[in-house]
Amino acid sequence: MTPRPFEARSPAPSTIEEARFAHESEEEFARLLDFYGVRWQYEPRTFPLQRGDDGRILEAFSPDFYLVDLNIYVELTTLKQGLVTDKHRKLRRMREIYPDVEVKLLYKRDYLSLLTKYGIGAVNEQEQMVVREVLYSATEIERRLGELGSEIARAYAGRELLLVGVLKGVTCFMADLMRHIALPVSIDFMTISSYEGDRTGAVRVVQDLTENIAGRHVLIVEDIVDTGMTLNHLMKQLRTREPASLAVCALLDKRARRLVDLPLDYVGFEVPDEFVVGYGLDYRQRFRNLPFVATVRAEAISGEAGAEQA
Ligand code: IMP
């Protein structure tokens, strides 16, 4: 049986203010984790590696960080050979004694690739110029979608549901949300665009649904509702096709900018009046692949916020 580690501190420091970092690189790593919304604890545990005959601990290992959502420990290291060799030896011993505990030895150059590997999604240098702050991390989104999916499944219990996604911004949301709805579900998509220069939100259907929605329970799935004009026009159009019911599920609700009074049945998160990208949402067709939702630097988009298309 794997021995239990020591509970070194309780509770472990989990903010930059609380943690007394031994090295600058640790604080830098903590800031990076905070930026991506990855929950961490600083040196929460000490793992005894060797004991004397009297049971006293002769050698122990306290990894620098524990990443709560990923359930891994991280030990930061420099390239100084002496230190690295010793750490490798301790890590080997750790893995022998505590095979169920995952510990990563991380060089500075690997910080970002670790986050990418675990689906946290590190931004590259170009993206750093645009992304300002991660509002909702991949894990927070995942957690919220679980709640939304259950809520939808309860509301539509006993009925068949047709999810209608509005492209392209909805791609990530649709793919993840539908996997959290434990009901018979069909999906369909449409692509719409607003008329050039038109501020009323009137929409043109660029690519229509393939399903007939008459008599069916339709849930429109949207990435973000801003002024509400687009959705308002879309709902009017879909109502003429006489669905049995028509409701809306939006990942993000930018309520402060609403111009049309539009009840949203299901909302992931309410966002402030700022332009956001990631998790399907774009700025000039880019950043859709970031696995989190982030605000962008005002100077990077120079007053064009909100001008983009679905
Ligand atoms: P609305 O008609 O003003 O509600 O605009 C809705 C559409 O505008 C969304 O489906 C998005 O495609 C786009 N949009 C609005 N706000 C943002 C944003 O902050 N980031 C990216 N796209 C946005």
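Residues numbered from 1 in each chain as written. Predicted model: local features only at pLDDT ≥ 70, side-chain atom pairs only at ≥ 80, totals over all residues. Heavy atoms only, no water.

### With respect to the nonpolar core
To keep things clear, this is the line we draw: Among the buried residues, those of types Ala, Val, Leu, Ile, Met, Phe, Trp, Tyr and Cys that are joined through side-chain atoms within 4.5 Å form a nonpolar core. Note on exposure labels: buried denotes an accessible area under 20% of the residue type's maximum, exposed denotes more than 50%, and partly exposed covers the range between, all computed with a 1.4 Å probe on protein chains only. A run of DSSP states H or I qualifies as a helix once it reaches four residues; a run of E qualifies as a strand once it reaches two. Both are numbered from the N-terminal end. When checking whether two residues touch, look at their non-hydrogen atoms; a contact exists if any pair is within 4.5 Å.
Core analysis: the largest hydrophobic core is formed by 36 residues, its most contacted members being F29, Y36, W40, F65, L67 and V74. Put simply, the parts of the chain that give this core at least two residues each are α1 (24-35), β2 (40-42), β5 (65-67), β6 (72-77), α3 (111-117), β8 (131-136) and β16 (293-296). For this core, the element with the highest residue contribution is α1, accounting for 4 residues. The contact partners of Y36, leaving out residues within four places of it in the chain, are L112, L115, I120, G121, A122, V123, V134, S137 and F292. Y156, M174, L252 and V271 belong to the second largest nonpolar core, which has 31 residues in total.

### Considering the sheet that holds β5
The cut-off we apply is this: DSSP bridges decide pairing: two strands pair if at least two such bridges lie between them. A fitted line through C-alpha atoms serves as each axis, taken over the contacting stretch for helices, and the angle formed by two N-to-C directions is quoted from 0 to 180°.
Strand order in this open sheet of 4 strands is β2-β5-β6-β7, and the pairing throughout is mixed. Each edge of the open sheet is held by one strand with a lone partner, namely β2 and β7 (103-107). Between one strand and the next, the sheet's axes are offset by a mean angle of 30°, whatever the strand orientation. The pairing of β5 with β6 spans 3 bridges and is classified as antiparallel. Each bridged residue has a counterpart across the sheet, and for Y66 the counterpart in β6 is Y73. Here helix α2 (residues 81-97) sits on the sheet and contacts β6 and β7; the angle it forms with β7, its principal contact strand, is near 165°.

### Observations concerning unusual backbone geometry
With omega at 0°, the peptide bond leading from L167 into K168 counts as cis. Within the element layout of this structure, K168 appears in the loop between β9 (161-167) and α6 (171-178). The phi angle at R284 is positive, at roughly 50°, despite the residue not being glycine. If you trace the backbone, R284 turns up in the loop between β15 (276-277) and β16. Phi at F287 takes a positive value of approximately 75°, unusual for a residue other than glycine. In this structure, F287 sits in the loop between β15 and β16.

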